Amino acid sequence: MQPQRILITWACAIFTIVLVSKATTASDTNATAADAATTIGDICKTTVYPDVCESVLASAAGTPTASNRDLFDVSVQFAMKRVESARAMAYNLSHAGPKLSSGRQSGMKDCLELLDISLNQLNDVRNTENGNHEDISTWLSAALTNQATCSESLQTVQSSNSRDAMNVQVQSLVKYISTALALHVRVNSARTDTDETSRTGNRRLLSDKLPSWLSADDRRFLLASPADIKADAVVALDGTGTHKSINEAIAFVTSRGLAATDADGGGTSSKNVIYVKSGTYKEILRITNKQTNVKLMGDGKGKSIIVGDRSAGDGYSTYDSATVAAVGSGFLAKGLTIINNAGPSKHQAVALRVGSDKSAIYQCSLQGYQDTLYVHSNRQFYAETDIYGTVDFIFGNAVAVIQNCYIQPRKPNSNQHNIVTAQGRTDPNQNTGISIHKCRIIGASDLGSTAVYLGRPWQKYSRTVVMMTYLDGSVRPEGWDKWSGNFALSTLYYGEYGNTGPGSSISGRVQWAGIHSSMSTSEASKFTVGNFIFGDEWLPNLGVSFTSGL
């Protein structure tokens, strides 16, 4: 993601901070401090953690150099310092004690990685120039998600002392990052309709109906065939490429910053393009936060296959169980099959995990059982992709649109039923959710009487919509399942709009407070490519076909 800077304007109607000058008398100073405290108290009432908010902003209120717009910056800088402290602890703990198996050691290492990513995201927020509301909301939401993931991964850590000490740090970070996000949302809620119209008025779809946030090279890549591309690296098991390993190819193109040329006038040129020839690659791929704009092109579904078998059953954290994990922004994949073949008895076993901002997965096949696709964080788009799984097999806390995809609940263990989604929104100010649009949800032929539900609330503010999608008879009339007791039933948001098929009838749907079985067109439009992930601004450049609106 490219650093940009947003100009935060605090309207006088929201609050006024009176700065103390060097010439202020003692009585005036006391009055000013009281006014500032009262105003900050009013501001912080709208945050999830008002006491934390007040303690963070109090230091800015009495600083002569502070200005109205500085309050948000102060909250971000405060969070950054706490992330740095937590990262130092995670580093020490991950390198302390006896060496454990790779699975059992992954939990603390997850936290170290996630804190590194969070630090970069907060730095992007702080240094953003000419940015927009969606960028800031997305990066802060992702940084907050990282803490929830760290806390979850810590459950795999055997040493209770180190686990508990790290978790204390993480829970504090949740409050500080949540405060920054709430302040950002508050500022931007004051924008006028004119401002919004001006900001979005230049959105357009190009002739190939792809959103504009994808670069011209990325567009050509996703519309191309392997024969059309000029790859920076070619992976082939038989030795006919530049590498035999996909990991080696990724390291090669990202370390040298290669960019293919198009001097002969033919083919498609782009940067960090890796062509993966047909074959079965038994690899665990990790595309790090610093490895950006990696593009993987395979020969097609069922031809270029990447297989792993990590699972919670073998001691790995859910985060680290992924066969393929992409964090660096701008990740693209086309024509690949990605599998986690641990099986239905090994519990969480991720095939693909994506935390890459402005990423796209096109014409791929993702196969697993529990937790197949981890839409972890940031803005993601999936098109013409097949997704197979059993329990919570599309889950996470990204801003994700899944469009024109084939989604198949497959046969689970005999004591299980299938849940398509488990969305993980933990904070009401996060801009995250899963939008399933114009897809097909069809149970496997051997599913039998296994119940299928559209989703269940993994976290308190879980948000999922299913729109204009075919639902076969395997989908239960109730539509949605509980997580545990009455947890999140009034705070979740589960919506349906214009679905078809035997499982689409809403007459038997559950009647929880958070259920919206008949969304209006206006409400449904909020979850489209154009409005939810603002794909008109970046997808066209990737070259992937999509529908912007309903």
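See above for the structure.
Throughout what follows, the structure given in this document is the object of discussion.

What counts and how
Residues numbered from 1 in each chain as written. Predicted model: local features only at pLDDT ≥ 70, side-chain atom pairs only at ≥ 80, totals over all residues. Heavy atoms only, no water. Buried < 20%, exposed > 50% of the residue type's maximum accessible area, 1.4 Å probe, protein only. Helix = DSSP H or I, 4+ residues; strand = E, 2+ residues; numbered from the N terminus. Pairing = 2+ DSSP bridges. Disulfide = S-S within 2.5 Å. Axes fitted to C-alpha atoms, helices over the stretch in contact; angles between N-to-C directions. Phe/Tyr/Trp six-rings, centres within 6.5 Å; stacked < 30°, edge-to-face > 60°. Lys NZ or Arg CZ within 6 Å of the ring centre and 35° of its normal. Contact = heavy atoms within 4.5 Å. Polar contact = N/O pair within 3.5 Å; in protein donor to acceptor, adjacent residues only side chain to side chain. Salt bridge = Lys/Arg side-chain N within 4 Å of Asp/Glu carboxyl O. Parallel < 35°, antiparallel > 145°, perpendicular 65-115°, else oblique. Left-handed = near helix turned anticlockwise from the far one by under 90°. Nonpolar A, V, L, I, M, F, W, Y, C, P; charged D, E, K, R; others polar.

### Examining the pairing of strand β9 (residues 337-340)
Here β9 shows two buried faces, one formed by Thr337 and Ile339 and the other by Ile338 and Asn340. Where β9 lies against strand β12 (residues 365-367), 3 bridges are found, and the strand directions are parallel. The residue bridging isoleucine 339 from the neighbouring strand is glutamine 367, located in β12.

### Considerations on the state of the cysteines
Applying the stated criterion across every chain yields a total of 2 disulfides. A sulfur-sulfur distance of 2.0 Å marks the disulfide that ties cysteine 44 to cysteine 53. In this structure, the disulfide formed by cysteine 44 and cysteine 53 twists by about -65° around the S-S bond and is classed as left-handed. For cysteine 44, a relative accessible area of 0% corresponds to the buried category. In this structure cysteine 53 comes out as buried when scored by relative accessible area, which is 0%.

### What to know about the sheet that holds strand β19 (residues 418-423)
Strand order in this open sheet of 7 strands is β4-β7-β10-β13-β16-β19-β22, and the pairing throughout is parallel. In the strand order of this sheet, the two ends are held by β4 (285-287) and β22 (452-455), each with one partner. Strand-to-strand twist in this sheet, taken as the mean axis angle between neighbours without regard to direction, amounts to 10°.

### Considering unusual backbone geometry
The residue histidine 347 is not glycine, and still its phi comes out positive at about 65°. Among the structural elements, histidine 347 can be located in the loop between β9 and β10 (352-354). Owing to a relative accessible area of 44%, histidine 347 belongs among the partly exposed residues under this scheme. The phi angle at aspartate 392 is positive, at roughly 50°, despite the residue not being glycine.

### Some words on the packing of aromatic side chains
Under the definition given, this model contains 8 aromatic pairs. Summarising the aromatic geometry, the rings of tryptophan 480 and tyrosine 494 are spaced 4.3 Å apart at their centres and angled 20° between planes, so their arrangement reads as stacked. Of the two residues, tryptophan 480 is situated in the loop between β24 (470-471) and β25 (493-497) and tyrosine 494 in strand β25; the sequence distance between them amounts to 14 residues. For tyrosine 494, a relative accessible area of 0% translates into the label buried. Each residue in the set Tyr374, Phe395 and Trp458 is aromatic and connected to the rest through ring pairs, giving one cluster. Its guanidinium or amino end placed over the ring of tyrosine 319, arginine 353 lies 3.5 Å from that ring's centre, counting from NZ or CZ.

### Notes on the side chain of lysine 334
The residue lysine 334 is located in strand β8 (residues 332-334) in this model. Taking relative accessible area as the criterion, lysine 334 reaches 8% and is therefore assigned buried. Setting aside residues up to four positions removed in sequence, lysine 334 forms contacts with Phe221, Leu222, Leu223, Ala224, Leu296, Met297, Gly298, Tyr362, Gln363 and Cys364.

### A closer look at the environment of arginine 163
Assignment of secondary structure puts arginine 163 in helix α6 (residues 160-188). Each C-alpha atom of the pair arginine 163 and alanine 90 lies 9.7 Å from the other, and the pair is 73 residues apart in sequence. If we ignore the near neighbours within four places in the chain, the residues touching arginine 163 are Leu154, Gln155, Val157 and Gln158. Among the polar contacts made by the side chain of arginine 163, one reaches the main-chain carbonyl oxygen of valine 157 at a distance of 2.9 Å.

### Re the sheet that holds strand β2 (residues 273-276)
The strand order β1-β2-β5-β8-β11-β14-β17-β20-β23-β25-β26 describes an open sheet built from 11 strands, whose pairing is parallel. Sheet topology places β1 (233-235) and β26 (515-516) at the edges, where each strand pairs with a single neighbour. Pairing of β1 with β2, which is carried by 3 bridges, proceeds in the parallel orientation. Residue alanine 233 lies in a different strand from β2, and its bridge partner there is isoleucine 274. The sheet contacts of helix α8 (residues 216-223) involve β2, β5 (295-298), β8 and β11 (359-362), and relative to β8 the element is tilted by about 20°.

### A short note on the pattern of salt bridges
Any two side chains of opposite charge can pair if their charged atoms end up close together. Scanning all chains against the criterion turns up 13 salt bridges. Aspartate 392 serves as the salt-bridge partner of arginine 456, at 2.8 Å between the closest nitrogen and oxygen. Remark: aspartate 392 occurs in strand β16 (residues 391-396) and arginine 456 occurs in the loop between β22 and β23 (463-467); sequence separation between them is 64 residues. Both residues of the pair, arginine 456 and aspartate 392, belong to the buried class. A salt bridge links glutamate 496 to arginine 509, with the nearest nitrogen and oxygen atoms 2.6 Å apart. Of this pair, glutamate 496 sits in strand β25 while arginine 509 sits in the loop between β25 and β26, and the two are 13 residues apart along the sequence. By relative accessible area, arginine 509 is classed as buried at 3%.

### Details of the pairing of strand β17 (residues 399-403)
The two faces of a sheet get side chains in turn, since along a regular strand they alternate between them. Taken across its 5 residues, β17 has 5 buried, putting it largely inside the fold. In β17, alternate side chains face the same way, and those of Val399, Val401 and Gln403 on one face and Ala400 and Ile402 on the other are all buried. One ladder, built from 5 bridges, connects strand β14 (residues 379-383) with β17; its direction is parallel. Counterpart to tyrosine 382 in the pairing with β17 is isoleucine 402.

### Describing the packing of helix α3 (residues 70-94) against α6
Relative orientation of the contacting elements α3 and α6 amounts to 165°, with a least axis distance of 9 Å. Overall, the two elements α3 and α6 adopt an arrangement that is roughly antiparallel. Note on packing geometry: the crossing formed by α3 with α6 is left-handed.

### Side note on the packing of helix α5 (residues 133-153) against α6
It is the contact of α5 with α6, at a shortest axis distance of 9 Å, that shows an interaxial angle of 165°. Relative to α6, α5 is oriented roughly antiparallel. For the pair α5 and α6, the sense of crossing is left-handed. Contact residues: His133, Ile136, Ser137, Leu140, Ser141, Ala143, Leu144, Gln147, Cys150 and Ser151 in α5; Asn167, Val170, Gln171, Leu173, Val174, Ile177, Ser178, Ala180, Leu181, His184 and Asn188 in α6. Residue composition of the contact of α5 with α6, by class: 11 nonpolar, 10 polar and no charged.

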